[in-house]
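Fold and contact review
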Amino acid sequence: SPTPTPAVYSPTTWAARVSTGYITLTWKASITAGVTYNVYRGLSSTTLSLVSSGISALTYKDLAVKSRTKYYYYVTASKNGMQSSPSNTVNVSAK
């Protein structure tokens, strides 16, 4: 029988830093080796959609933000067509 594929673990312990005109997200690596990351953004905690995928770094700069607008983000890890569950969601207001 085929060996079950191990789960892809989500990134953890992450933060959003606000600068004028952009928001920088940073996160701690997934414990699964060889993953890429996907960033989701929304205007509420229930309406997030993918804004960038295939990220190999542990950071993402979101330049498409409007000032005085609150954004919600989470990050997932991907490997071999599998995606982790979402990280915790953070929210931050753009300057």
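Counting of residues starts from 1 at the beginning of each chain's written sequence and follows it residue by residue. Only residues with pLDDT of 70 or above have their local features reported here, since the model is predicted, and side-chain atom pairs are shown and tallied only from 80 upward, although totals for entire chains, interfaces and linings are computed over all residues. Working from all heavy atoms in the structure, the side-chain values ignore hydrogens and water.

1. Observations regarding the confidence of the model for the protein chain
Condition: Each residue carries a pLDDT score, the predictor's confidence in it, ranging from 0 to 100. Secondary structure counts use DSSP, requiring at least four H or I residues in a row for a helix and at least two E residues in a row for a strand, with both numbered from the N terminus.
Here the protein chain averages 91 in pLDDT, while 93% of its residues score no lower than 70. Taking the mean pLDDT of every element in the protein chain, the minimum, 86, falls on strand 1 (residues 12-19) and the maximum, 97, on strand 4 (residues 49-55).

2. Topic: unusual backbone geometry
Here is the rule: To sort residues, take the accessible area from a 1.4 Å probe on protein chains only and compare it with the maximum for the residue type: under 20% means buried, over 50% means exposed, and anything in between is partly exposed.
A positive phi angle, near 55°, is found at Arg68, a position not held by glycine. Residue position: Arg68 is located in the loop between strand 5 (59-62) and strand 6 (70-79). What makes Arg68 exposed here is its relative accessible area of 75%. Of note in this structure, Asn80 is not a glycine but carries a positive phi near 50°. With respect to the secondary-structure elements, Asn80 resides in the loop between strand 6 and strand 7 (82-83). Relative accessible area serves as the criterion here: at 73%, Asn80 is assigned to the exposed category.

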